[in-house]
Amino acid sequence: MAVADHKCPSCGAPLKFNPKNQKFDCSYCKSSFKIEDLEKNEKKYENVKAEEAKENYTLDLYKCPDCGAEIVADENTSATFCVYCKNTAILKNKLVGKFEPDYIIPFQNTMEDATNAFKNICKKRPLSPKFFSNPENIAEMKGVYIPFWLFECDSSGSITANATHVHSWTQGNKHYTKTDTFLCTRGGNLKFENVPVDGSKHFDNAIMNSIEPFDYKKMVKFKHSYLSGFLAEKYDLNSDETFDDVKNRAEQTTENSLKNSIKGYSSVLVTDKDINVSKTDVKYALLPVWMLNVKYKDKIYPFAMNGTTGKLIGNIPVDKKKAVIVGICIFVSCFALFIVAQIIAGGKF
Amino acid sequence: MKKYILSFLLLLLPFSVSASTNTFERTLDDLRVNDYINVTDNNRNIILNTPSVDESEKIYDFADLFTDDEEEELYNEVIDYIEKYNMDFAIVTINDNNKGSAMKYSDDFYDYNNFGINKTNDGILFLIDMDTRNYYVSTTGEAIRVYNDSRIDSILDYAEYNMRNGNYFGAAKNVIFKATVFASDGIPSGNKNSYINEHGDIVYVKKINISASLIASSIITLIVMLILIKRNKMIKKAITADQYISKALNLTEKSDNFISTHTSVTTINTSSGSHGGGGSSTHIGSSGISHGGGGRGF
């Protein structure tokens, strides 16, 4: 039976991908290997069989009966609960069929990085409950490769806008304001590349939007070996189903670009637009995301960290008691400042 | 000995000629001014040229514009005013103005005689100057606060008709009447936050605005709190794809067509005064004491 993982050339134990050094580490003999070396090595010994292995490697598919999420993991990484709905009664099966994304960005940061990022998330956010500054309160944390569609698209269109040019001057005791109105038309085209949209139903798109951008420079051809130690999800929305989201974003950017090309006016109001976005290419890529869940007062607060840039996002509830205290402090110091400023300026009670 | 007799005669003067106005002679040795007047080389001659009078007479009709009965009537009204409002009041008429302007004469006459009540010499003086044909109202001390510029104007307006028609007694009565009305109205709003300092100057006090500070603090607190609350919400849906542009905008169409023009005109209101239009403007007399007031020709 062929396995998804690389085996340690020295001791034969399965290797785990380590985001820190971007190498495969052996947890038994503590050696680490570059993927290129491993492949060379494997080719030497397995030669033809290696090709076959790529086609027939074994991955496990975990299916959540609650939310329907399908999680992929290699046989050495087990999912004990659903990463989305926390259901522990997930069903393990052998993956049947293909799981062949085009690209993958391997994790660039570790669980420790995510813990540290969480420690600092309450800094400059004084209304956060103290609970959220302690990494011990992270209920679960998993590194998940999220299925993404990366769109390449062309956008073309035109807009019509009413632009005004306002000029004012004073003559004697009269103030004149002259408003010239122009009808401006702009047309043009632009291209987009790698606009990401997640192919998972179980995610609020806003969460994935908020951790953008991913570092595409680190993107490589998919190799199943990168999955070791992490979970991956199978897409359950195909690229056509997700394109609307990309289209809207590209349209808005096109409109803004055209609007920004109307220069030298006091105000620009778009009255009409006709923009077409067409996809020219789509890639299927797995992008690395650390999923953190914090359970606070019987509610789960999801956090996500970009596995390439380390950008951690999430909604932290507002601590009402803190909000009242902070509000009073701001108010009192503002008021004191105003009074002191007036006293300095010679004011009397 | 000679000086002694002279002063004795001068003392007798008020009793002997009651109808006309009595003056006392000023000499370099005895300038007959109050201690608080700072006598300098500049104002010594001015003091000598200012008649010294008995400040209790209140009506000084040098130009002989009033009859004895009129003088008595004016005197009674003035005394009523002084008792009621605790401010001095004097009426002066002159045929010969040796000081050039009605303003200077009024100020000097007031300052170099012992007019004024309280430490700030509160009081008002009405001068009819037949020489320069001006009439003038001069205010000192608290009277500066009571009679702001618009009230002075109003007094002058009220007396103008009688002044122009030669009814000087009527004009004097008009002035007393209006002055009484304003004194009973109290300090005008524009001068509420002011006081008269030891030099007789009106000083405007900037009031600390507590309610405006409260409102401004509330607004700032609200804005800061909204920013802080928004900071805790990091999950936002992306609406643009700006960072994924691989080829920047290539403009293929560009036109700017002029449609219309429109010009609006607004008239600028020149705001009147910095004290709500109710302030008092002052000037400093040769004595160094501040006075308010105003006058006009007739």
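Worth saying up front: this structure is predicted, and the values here are computed from it rather than measured.

Colleague: I tried to follow the overall build of chain A on my own but got confused; where do I start?
Modeller: For chain A, the helix and strand inventory stands at six helices and 15 strands. Classification of the 349 residues of chain A by burial places 33% in the buried group. Intrachain contacts of chain A at a sequence separation of at least 6 include 71% that bridge at least 24 residues.

Colleague: Would you explain the interface of chain B and chain A in this entry?
Modeller: The extent of an interface is frequently quoted as the accessible surface area lost upon association of the parts. Taken together, the contact between chain B and chain A spans 55 residues of the former and 65 residues of the latter. Going through the elements one at a time, β9 (206–207), α8 (210–231) and β10 (245–267) of chain B are the ones with two or more residues in the side of chain B that touches chain A. Top element by residues in the side of chain B that touches chain A is β10 of chain B. It accounts for 23 residues. A breakdown of the residues in the side of chain B that touches chain A according to their chemical character gives 23 nonpolar, 21 polar and 11 charged. Sheet analysis places strand β9 (residues 174–198) of chain A next to β10 of chain B, joined by 18 bridges and oriented antiparallel. Each bridged residue has a counterpart across the sheet, and for H175 of chain A the counterpart in β10 of chain B is T266 of chain B.

Colleague: Whenever I open this one, the packing of helix α6 (residues 320–344) of chain A against α8 of chain B confuses me. Can you help?
Modeller: Two measures define how a pair of helices packs: the angle their axes make with one another and the distance between the axes. Running from N to C, α6 of chain A and α8 of chain B cross one another at 140°; their axes reach a closest spacing of 9 Å. Between α6 of chain A and α8 of chain B, the angle is such that the two are oblique. In this structure, the crossing between α6 of chain A and α8 of chain B has a hand that is right-handed. Contacts between α6 of chain A and α8 of chain B involve A323, V326, G327, I330, F331, C334, F335, F338 and I339 of chain A on the former and, on the latter, S213, L214, A216, S217, S218, I220, T221, V224, M225 and L228 of chain B. Residue composition of the contact of α6 of chain A with α8 of chain B, by class: 14 nonpolar, five polar and no charged.

Colleague: Explanation requested: the nonpolar core in the structure shown.
Modeller: Within soluble globular proteins, side chains that are nonpolar generally end up buried alongside one another. Ranked by size, the top nonpolar core spans 65 residues in total, and within it Y145, V195, A232, L287, V289, A304 and M305 of chain A carry the most contacts. Counting residues per element, this core draws most heavily on strand β12 (residues 267–296) of chain A, which supplies 10 residues. Two domains each put at least three residues into this core: domain 1 (15–149 + 196–235 + 285–315) and domain 2 (152–192 + 243–282) of chain A. Judged by nonpolar contacts, the second largest core, of 51 residues, contains Y110, F115, L127 and Y135 of chain B.

Colleague: Can you help me understand the sheet that holds strand β5 (residues 123–129) of chain B in this one?
Modeller: Two pairing modes exist for strands in a sheet, parallel and antiparallel, and in both the strands are linked by backbone hydrogen bonds. Residues and elements named next belong to chain B. Pairing in this open sheet of six strands is mixed, and the strands run β3-β4-β5-β6-β12-β11 from one edge to the other. In this open sheet, the two strands that pair with only one neighbour each are β3 (59–61) and β11 (282–284). Taken over all neighbouring pairs, the strand axes of this sheet differ in orientation by 25° on average, direction set aside. Pairing analysis gives three bridges linking β3 to strand β4 (residues 88–94), with the strands arranged parallel. In the strand pairing of β4, I59 is matched with I91. In this fold helix α7 (residues 168–185) packs onto β4, β5 and β6 (134–140), with an angle of close to 160° to the strand it touches most, β5.

Colleague: What should I look at first to understand the packing of helix α3 (residues 68–85) of chain B against α7 of chain B in this one?
Modeller: Residues and elements named next belong to chain B. Remark: α3 packs on α7, axes separated minimally by 11 Å, with the N-to-C direction vectors making an angle of 10°. With respect to each other, α3 and α7 are oriented roughly parallel. Mapping the contact onto sequence places E70, L74, E77, V78, Y81 and Y85 in α3 and F169, A172, I176, A179, T180 and A183 in α7. Residues belonging to the contact of α3 with α7 are distributed by class as follows: nine nonpolar, one polar and two charged.

Colleague: Could you clarify how one ought to interpret the confidence of the model for chain B in this entry?
Modeller: Low-pLDDT portions of the prediction should not be read for the details of their coordinates. Residues and elements named next belong to chain B. The share of residues in chain B with pLDDT of 70 or more is 90%, and the mean pLDDT across the chain is 87. The low-confidence segment residues 9–19, where pLDDT is below 50, has six contacts with residues more than four positions distant or belonging to other chains. Long-range and interchain partners of residues 271–276, a stretch whose pLDDT sits below 50, account for eight contacts in this model, where long-range means more than four residues apart. Here the prediction assigns the complex a pTM of 0.65, and the interface score ipTM is 0.76.

Colleague: Help me understand helix α4 (residues 102–111) of chain B in this model?
Modeller: Every α-helix winds through 3.6 residues per turn, so residues three or four apart in the chain are directed the same way. Residues and elements named next belong to chain B. With nine of 10 residues buried, α4 is to be regarded as a mostly interior element. When α4 is considered as a whole, its buried residues turn out to be A102, M103, Y105, S106, D107, D108, F109, Y110 and D111. Contacts from the buried residues of α4 go to α2 (41–48), β4, β5, β6 and β12 (290–297).

Colleague: Help me understand the sheet that holds strand β2 (residues 23–26) of chain A in this model?
Modeller: Residue and element names in this part refer to chain A. The antiparallel open sheet is built from three strands, whose spatial order is β1-β2-β3. The open sheet has two edge strands with one neighbour each: β1 (15–18) and β3 (32–33). Bridge analysis of β2 against β3 gives two bridges, and the strand direction is antiparallel. The residue of β3 that forms the bridge with F24 is F33.

Colleague: It is not clear to me how unusual backbone geometry should be interpreted in this structure. Could you clarify?
Modeller: Residue P213 of chain A is bonded to the preceding E212 of chain A through a cis peptide linkage, with omega at 0°. On the secondary structure map, P213 of chain A appears in the loop between α4 (205–210) and β10 (220–221). Within the chain, D298 of chain A stands out as a residue other than glycine whose phi angle is a positive 65°. By the element assignment, D298 of chain A lies in the loop between β12 and β13 (299–306). Residue D298 of chain A is classed as exposed on the basis of its 5 C-beta neighbours within 10 Å. Although it is not a glycine, N86 of chain B adopts a positive phi angle of roughly 60°. Residue position: N86 of chain B is located in the loop between α3 and β4.

Calculation notes
- Residues numbered from 1 in each chain as written.
- Chains lettered and ligands numbered in written order.
- Predicted model: local features only at pLDDT ≥ 70, side-chain atom pairs only at ≥ 80, totals over all residues.
- Helix = DSSP H or I, 4+ residues; strand = E, 2+ residues; numbered from the N terminus.
- Buried ≥ 20, exposed ≤ 12 C-beta atoms within 10 Å, placed from the backbone.
- Contact = placed C-beta atoms within 7 Å.
- Nonpolar A, V, L, I, M, F, W, Y, C, P; charged D, E, K, R; others polar.
- Pairing = 2+ DSSP bridges.
- Axes fitted to C-alpha atoms, helices over the stretch in contact; angles between N-to-C directions.
- Parallel < 35°, antiparallel > 145°, perpendicular 65-115°, else oblique.
- Left-handed = near helix turned anticlockwise from the far one by under 90°.
- Core = buried A, V, L, I, M, F, W, Y, C linked by C-beta atoms within 7 Å.
- Domains from an automatic or database assignment.
- pLDDT = per-residue confidence, 0-100.

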